[in-house]
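Analysis of the macromolecular model
For reference, the chains in residue letters:
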There are 4 protein chains.
Amino acid sequence: MIKFDSDYLEGCFPEILRKLEETNLVQTPGYGEDDYCEHAKEVIRKECGAPQAEVHFLVGGTQANTTVIASLLRPYQGVLCAVSGHINVHETGAVEHSGHKVLGLPSGDGKIAAAQISSALRNHAADASREHVVQPAMVYISFSTELGTIYSLSELKEISSVCREAGIPLFIDGARIGYALMSPACDVTLKDIASLADVFYLGGTKQGALFGEAVVFTNPALAKDFRYNIKQNGGMLAKGRLLGIQFSTLFEEGLYFSAAKKAVEQALRIRKAFEKRGFKFLVDSPTNQQFPILPNDMVKRLREKFSFEDWGYVDETHTAVRFCTSWATPDSSVDALISNL
Amino acid sequence: MIKFDSDYLEGCFPEILRKLEETNLVQTPGYGEDDYCEHAKEVIRKECGAPQAEVHFLVGGTQANTTVIASLLRPYQGVLCAVSGHINVHETGAVEHSGHKVLGLPSGDGKIAAAQISSALRNHAADASREHVVQPAMVYISFSTELGTIYSLSELKEISSVCREAGIPLFIDGARIGYALMSPACDVTLKDIASLADVFYLGGTKQGALFGEAVVFTNPALAKDFRYNIKQNGGMLAKGRLLGIQFSTLFEEGLYFSAAKKAVEQALRIRKAFEKRGFKFLVDSPTNQQFPILPNDMVKRLREKFSFEDWGYVDETHTAVRFCTSWATPDSSVDALISNL
Amino acid sequence: MIKFDSDYLEGCFPEILRKLEETNLVQTPGYGEDDYCEHAKEVIRKECGAPQAEVHFLVGGTQANTTVIASLLRPYQGVLCAVSGHINVHETGAVEHSGHKVLGLPSGDGKIAAAQISSALRNHAADASREHVVQPAMVYISFSTELGTIYSLSELKEISSVCREAGIPLFIDGARIGYALMSPACDVTLKDIASLADVFYLGGTKQGALFGEAVVFTNPALAKDFRYNIKQNGGMLAKGRLLGIQFSTLFEEGLYFSAAKKAVEQALRIRKAFEKRGFKFLVDSPTNQQFPILPNDMVKRLREKFSFEDWGYVDETHTAVRFCTSWATPDSSVDALISNL
Amino acid sequence: MIKFDSDYLEGCFPEILRKLEETNLVQTPGYGEDDYCEHAKEVIRKECGAPQAEVHFLVGGTQANTTVIASLLRPYQGVLCAVSGHINVHETGAVEHSGHKVLGLPSGDGKIAAAQISSALRNHAADASREHVVQPAMVYISFSTELGTIYSLSELKEISSVCREAGIPLFIDGARIGYALMSPACDVTLKDIASLADVFYLGGTKQGALFGEAVVFTNPALAKDFRYNIKQNGGMLAKGRLLGIQFSTLFEEGLYFSAAKKAVEQALRIRKAFEKRGFKFLVDSPTNQQFPILPNDMVKRLREKFSFEDWGYVDETHTAVRFCTSWATPDSSVDALISNL
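Counting starts from 1 at the beginning of each chain's written sequence and moves along it residue by residue. Each chain takes a letter, starting from A, and each ligand takes a number, starting from 1, following the order in which they are written. Only residues with pLDDT of at least 70 are given local features in this predicted model, and only at 80 or more are side-chain atom pairs given and counted; all residues enter the totals for whole chains, interfaces and linings. Excluded from the side-chain calculation are hydrogens and water; included are all heavy atoms of the structure.

**Side note on the interface of chain C and chain D**
- Whether two residues are in contact is decided by their heavy atoms: any pair within 4.5 Å suffices. Contacts between chain C and chain D engage 44 residues on the former and 43 residues on the latter.
- Both faces considered, chain C and chain D share a buried interface measuring about 4,000 Å² in area, 56% of it formed by carbon and sulfur atoms.
- The term salt bridge refers to a side-chain nitrogen of Lys or Arg lying within 4 Å of a carboxyl oxygen of Asp or Glu. Linking chain C with chain D are zero salt bridges, by the criterion used here.
- Segments assigned H or I by DSSP are reported as helices when at least four residues long, segments assigned E as strands when at least two residues long, and all are numbered from the N terminus. Contributing elements (two or more residues each) for the side of chain C that touches chain D: β1 (2-3), α1 (14-22), α3 (61-72), α5 (94-97), α10 (226-232) and α11 (241-252) of chain C.
- The biggest single contributor to the side of chain C that touches chain D is α1 of chain C, with four residues.
- Note that Gly is not counted as nonpolar here; it falls among the polar residues with everything else outside the nonpolar set of Ala, Val, Leu, Ile, Met, Phe, Trp, Tyr, Cys and Pro and the charged set of Asp, Glu, Lys and Arg. When the residues that make up the side of chain C that touches chain D are grouped by side-chain class, the tally is 22 nonpolar, 15 polar and seven charged. Buried area: the accessible surface (1.4 Å probe) lost by two parts on joining, summed over both.

Here it is as structure tokens:
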């Protein structure tokens, strides 16, 4: 059985395990105040072209999202995002648990437009009884989105500019940022992200680390006392070094982007194979997640050898499914799938 | 520089890294629904003599404490614990962030007594305007405590019996449970813990894992929907297998208890060395944390070669300090310290 | 200027002020534990035909909604309601502030259907990764709705039956329950409400009291420790007697329903007057709120003598507005409006 | 039976009821945006000598405390107060429910000292692992305290100055501020309060209003968006005019202070009567609450004709009790008590 269910099916880059072994008995201070973390932060600031950035390492995505969002909002404020945004649908209400409403904006492809944001802000400001309504006070987007789609540079610039005019932070969930940046369809660089967002994260979990997300506040004023927030949200890893070691390895050895690039190429091979056979897609994704719409009997047949996610009912005889490649997908798995179509 | 600052200064048992390597490219489902986790749960249930227990793996202690406590309380309820309890002083108000008051009971040595609990419950029940007061609805103790002390079996039995009579859960924080159980002064077994608590955890972070705490609900009714709580609190590790693999290794190979035993022996050697030289202790700890009261100039001198924690001002010329041994402490470090006294 | 902006523009029934004067210097225990409250509860239980019901008085609607909802949900659970529901749009995220997600269901007329609820419950139960998603665990509907519409008895029965099958509570926001029950289009009685809901409230604020909502738990098991919840949410009025006195007066003297009946008749006169002149309505409301769609210049002209709420843009030349009658609306105001059309 | 249980046993000043009648059918906008509220705010600003102040009306004390505190703290911050402070012991954990820890400072008489505050702040700042600890970020005191005691002007100045140096707000709970200011032992004026606190409230509930507390932000920057907070906490009264009308009446007609003055005189008569008979007091209170320590049989005997609160066990034969006078206490009640001693 070959699995395309997700991009967190395997462990991590062997290089990471090697580094963990090499450093295993070195004694370091806890909670991320060690030299490995310092070094990794420096590496990341360089990659981002953001020497002023404040970097923090958290264990997972839900934790990173909630901790960042709760740290930036006052009690009566909410966060704008696509209705399909991870924080709105797949985090068991973690943002609400922290006291804040997620303000979903309609979206078919996982993206939201600058115009939707400015309209939400304008409507709120114009509402005579606005204090009866949650105040939209930050924007969350994911890059790539939960549907594999990506923003163009000009779209991101517009969103960023709406946020800056309104004085509210733009937060980019980068759980799959490598797969986005390495897509041939992408005209955005990491430095663009760093200059357009106020805070974002470089996902480790889905991109070759055992776990971990590197939260980058390119607007360092927003990071004031962020370590208190991390600790309060249960996200301060005692052996914080584990995160420092992993992120250094991911970026210093170029693994992060080279592996993401390859995964995207593999996903596009899968896409092409389905396209060639005339299948349609739920959404036009240029990254490592592909959502073909398949006849139910074909789904059933493929499932004898491959596993992949159901993505939803399309009509009585068709289902949308998701094939996900990752840093760890061997070419042979992709070959096997394609030849099986 | 030899460090005795804490029990999370190093990585993990080499056996764990070896297992991570062996399994690294195996594809598994995420979020703890893999066979490694299933196996580890089975191993733990056996160690605890609790076949009915429901086991969940979380990444860290603050997360485990908050998630368990918030899952068991209704909004107006609070948790009784020693004023020195970890949840009361060292988790940045994580329990309060989840909406609940920590009801601190006076304690000099990190422990609380059954009589304190029953008196708190009785006072609340007798209060005519009790709905103006937070309702005490669960008990949190740590074993060993933050001061290295341990409960005797009879003390635990009394606490458990007060809780059961009142119909409120007893939760034992076992971040250092191995060091407690392996103390020569301890007359409690893991099976006792399992039968006396309603929920407790086996700490991994401080006892040889990279990270991880195994929460054991010996009262499985309390675990209903616990996975929702884990996810909402940002504690559901995508590659949950990492926790399963670690806990299997810790318990199957006997490492957990043998290493704890050795660490306690080392700590007691340190204790004896200080005692022989006439030093007093802040508290009488029979486990891996020792709190001698030392002259300030001696502290200064020792700091040239060793690092250890300040534990607090005693008088103008004396300070209490903490020496902590762990699963990773080499005998040579202890020898060096003792010969340096 | 004659105001039709809302149903809380004036003070209260003069009968209430009279009772407040008569009892002003009587000494009573605080916090609702006085005889006036006891009596009012008894009166309400009788009106509802629910001798088993537990009744609590709160000061306002947002407070009542949040306190009830937060008291019934576990942390990871959410409440299903119409997207236009008061808790979803006009309470500044009070439910989210208490930690819970409001799960909005599409609705054009302020109502939701039993089928929408059962489908939401079924989808959640069928979701393999449902612990990543907020669990729908109660239903909130308003009667009449925020758009003046009402449920038929058979609709309510279906909703109630879906909830009972699923074992989740049905909560009815009755801020305007009198205006609903007294509509000629209504085939529901207060006793029906009491037998179909698990908890609901009789709104005072919008129906002739100075303030106050009477929360009725017809399923008294759900009210366990509810007074703690009230106090914690800042809703326990020190001089609770004020609520008891008001609700006794509202119901004993028949004022509540007779005044609501008259207000609905007045609203229907307004409706008819607009209809006769060929105007359309945003929604077909048989209660005290009417939402005609008017040409913008007519709106402007009417505003010279009357005030009423903008309800939203319809097209470039038309706006939907709201005219609201209440227990206090004099016939002369309605006459003036109609003759002005 | 004559009641001395509390200062909220009766309704309100007859002058208030009269004004409610006079204005009963006037139509006003809701939610405190009416002229009565505007006028009352102006009156209060004048009384306080604080033309810059932002004034908001809330219904009750717990609501006022929680709303103010939650609006001023970031998630990881807590509020310093006396262990006996109302927010710490008699609000069912409302502050914790809003996510914040109450940081209790030891206190025998209900007061805290500037030195305790500065020491708490210094200790936090000096703690190397302070992000594991709740950050003290505001100070709450009550004036008069829950034990009837009052701060001297110099004590208040010191506390205020510690807060201002540290850049954290000082919040004064004035539920009984009139009884404090009118005590012959008091050297503080309302204008002092207004200039030393950043935010405080003038209690209505315990001082002759039906209900209501006037929150005064003398530091108006702290009040930004406060109406959102009020609404979210369920504290925005639909008929906000009721609060405006009451507070105008309390202050314009001089009732507030004259009635408080008389209540304090009555309490001091009671005190003197007990003193003359050789009884000791739990605490030395110069305001409307008196806490004599009485033999249990005397308590029993007095209870035949009077009701008053138990305040706690002193020894096997003695109990501390509370006698409370108020704006509504007739001299005859005090005479009856005294002659009964």
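From this point, the narrative continues.
**What about the environment of Glu253 of chain C?**
All names here are of chain C.
- When you line up the elements, Glu253 lands in the loop between α11 and α12 (255-276).
- Categorising residues by exposure relies on relative accessible area from a 1.4 Å probe, with only protein chains included: less than 20% of the type maximum marks a residue as buried, more than 50% marks it as exposed, and the intermediate range marks it as partly exposed. On the basis of relative accessibility, which here comes to 45%, the residue Glu253 falls in the partly exposed class.
- Once the C-alpha coordinates of Glu253 and Ser152 are considered, the two residues, 101 residues apart in sequence, prove to be 27 Å apart.
- Other than its neighbours up to four places away in sequence, Glu253 contacts Glu15, Lys19 and Ser248.

**Observations concerning the packing of aromatic side chains**
- Only rings of Phe, Tyr and Trp enter the pairing, Trp through its six-membered ring, and a pair is recorded when the two centres are within 6.5 Å. The plane angle decides the type: under 30 degrees is stacked, over 60 is edge-to-face, the rest tilted. In this structure the tally under the stated criterion is 70 aromatic pairs over all chains.
- Within the aromatic cluster, the residues linked to one another by ring pairs are Phe4, Phe274, Phe279, Phe306, Phe308 and Phe323 of chain A.

**So, the sheet that holds strand β2 (residues 54-58) of chain A**
All names here are of chain A.
- The strand order across the open sheet formed by seven strands is β2-β8-β7-β6-β5-β3-β4, and the pairing between neighbours is mixed. In this open sheet, the two strands that pair with only one neighbour each are β2 and β4 (102-105). Pairwise comparison of adjacent strand axes, ignoring direction, gives a mean angle of 25 degrees for this sheet.
- Inspection of the sheet shows strand β3 (residues 77-82) paired to strand β5 (residues 135-142) by four bridges, in the parallel sense. Within the sheet, the bridge partner assigned to Gln77 lies in β5 and is Gln135.
- Contacting β3, β4 and β5, helix α6 (residues 114-126) runs over the sheet at an angle of about 170 degrees to β5. Strands pair, by our definition, only if DSSP identifies at least two bridges between them. Simply put, an axis is a line fit to the C-alpha atoms, just over the touching stretch for a helix, and the angle between two N-to-C directions goes from 0 to 180 degrees.

**Some words on the state of the cysteines**
All names here are of chain B.
- We call a pair of cysteine sulfur atoms a disulfide when they lie within 2.5 Å. Evaluated as defined, the whole model comprises zero disulfides over all chains.
- Cysteine Cys48 shares no disulfide, and the gap to the nearest cysteine sulfur, in Cys186, comes to 14 Å.
- A relative accessible area of 2% means that Cys48 is categorised as buried.

**Overview of the relation of the copies chain C and chain B**
- Least-squares superposition of the copies uses the C-alpha atoms of those residues scoring a pLDDT of at least 70 in each of them. For the pair chain C and chain B, the superposition axis carries a translation of 0.0 Å, the fit reaches an RMSD of 0.0 Å, and the rotation angle comes to 180 degrees. Such a turn and shift between the copies fits a two-fold axis. Using C-alpha coordinates, one finds that chain C approaches the rotation axis most closely at Arg74 of chain C, a distance of 3.7 Å.
- A shared binding surface is used by both copies, with 100% of the interface residues of chain C retained as interface residues in chain B.

**Some remarks on the sheet that holds strand β4 (residues 102-105) of chain B**
All names here are of chain B.
- With mixed pairing, the seven strands of this open sheet are ordered in space as β2-β8-β7-β6-β5-β3-β4. This sheet does not close on itself; its edge strands, each paired only once, are β2 (54-58) and β4. The sheet shows a mean angle of 25 degrees between the axes of neighbouring strands, taken without regard to direction.
- Where helix α11 (residues 241-252) meets the sheet, its contacts fall on β2, β7 (199-203) and β8 (213-217), and the angle it forms with β2 comes to roughly 115 degrees.

**A word on unusual backbone geometry**
All names here are of chain A.
- Going from Phe143 to Ser144, the amide bond is cis rather than trans, its omega being -10 degrees.
- Within the secondary structure, Ser144 is located in the loop between β5 and α7 (153-166).
- Unlike most non-glycine residues, Tyr31 shows phi in positive territory, near 60 degrees.
- Take Tyr31: it is sitting in the loop between α1 (14-22) and α2 (35-48).

**A closer look at the relation of the copies chain C and chain D**
- Overlaying chain C with chain D gives an RMSD of 0.0 Å, the required rotation being 180 degrees about an axis along which the chain moves by 0.0 Å.
- Taken together, the interface assignments show that 98% of the residues at the interface of chain C recur at the interface of chain D, consistent with an identical surface on both copies.

**Here we look at the interface of chain C and chain B**
- Listed as interface residues are 22 residues of chain C and, on the opposing side, 22 residues of chain B.
- Both faces considered, chain C and chain B share a buried interface measuring about 2,100 Å² in area, 46% of it formed by carbon and sulfur atoms.
- The largest contributions to the chain C side of the interface with chain B come from Tyr76, Glu131 and Tyr228 of chain C, which together make up 36% of the buried area.
- Summed over the shared surface of chain C and chain B, the number is two salt bridges.
- Notably, a salt bridge pairs Arg227 of chain C with Glu131 of chain B, separated by 2.9 Å at the nearest N-O pair.
- Nitrogen and oxygen atoms within 3.5 Å of one another constitute a polar contact, given that in protein one can donate a hydrogen and the other can accept it, and given that sequence-neighbouring residues count only through two side-chain atoms. For the pair chain C and chain B, the number of links is 16 residue pairs in polar contact (both at pLDDT 80 or more).
- When residues in the side of chain C that touches chain B are grouped by element, the largest group, five residues, is from α10 of chain C.

**Overview of the packing of helix α11 (residues 241-252) of chain D against helix α12 (residues 255-276) of chain D**
Residue and element names in this part refer to chain D.
- Where α11 meets α12, the axes come as close as 5 Å, and the angle between the chain directions of the two elements is 65 degrees. Contact residues: Thr249, Leu250 and Phe251 in α11; Leu255, Tyr256 and Phe257 in α12.
- Of the residues assigned to the contact of α11 with α12, the class counts are five nonpolar, one polar and no charged.

**Some words on the pattern of salt bridges**
- All told, the structure shown has 59 salt bridges over all chains when counted by the stated rule.
- Close ionic contact of Asp198 of chain C with Arg164 of chain C constitutes a salt bridge, the shortest N to O distance being 3.9 Å. In this pair, Asp198 of chain C sits in the loop between α9 (190-196) and β7 (199-203) while Arg164 of chain C sits in helix α7 (residues 153-166), placing the two residues 34 residues apart along the sequence.
- Taking the relative accessible area as the measure of exposure, Asp198 of chain C reaches 8% and is therefore buried.
- The class of Arg164 of chain C is partly exposed, set by a relative accessible area of 43%.
- The residue Lys261 of chain C makes a salt bridge to Glu265 of chain C at a minimum N-O spacing of 3.4 Å. Residue Lys261 of chain C and its partner Glu265 of chain C are both found in helix α12; the two are separated by four residues, about one turn of the helix.
- Sharing partners across several salt bridges, the network here consists of Glu33 and Arg227 of chain A together with Glu131 of chain D.

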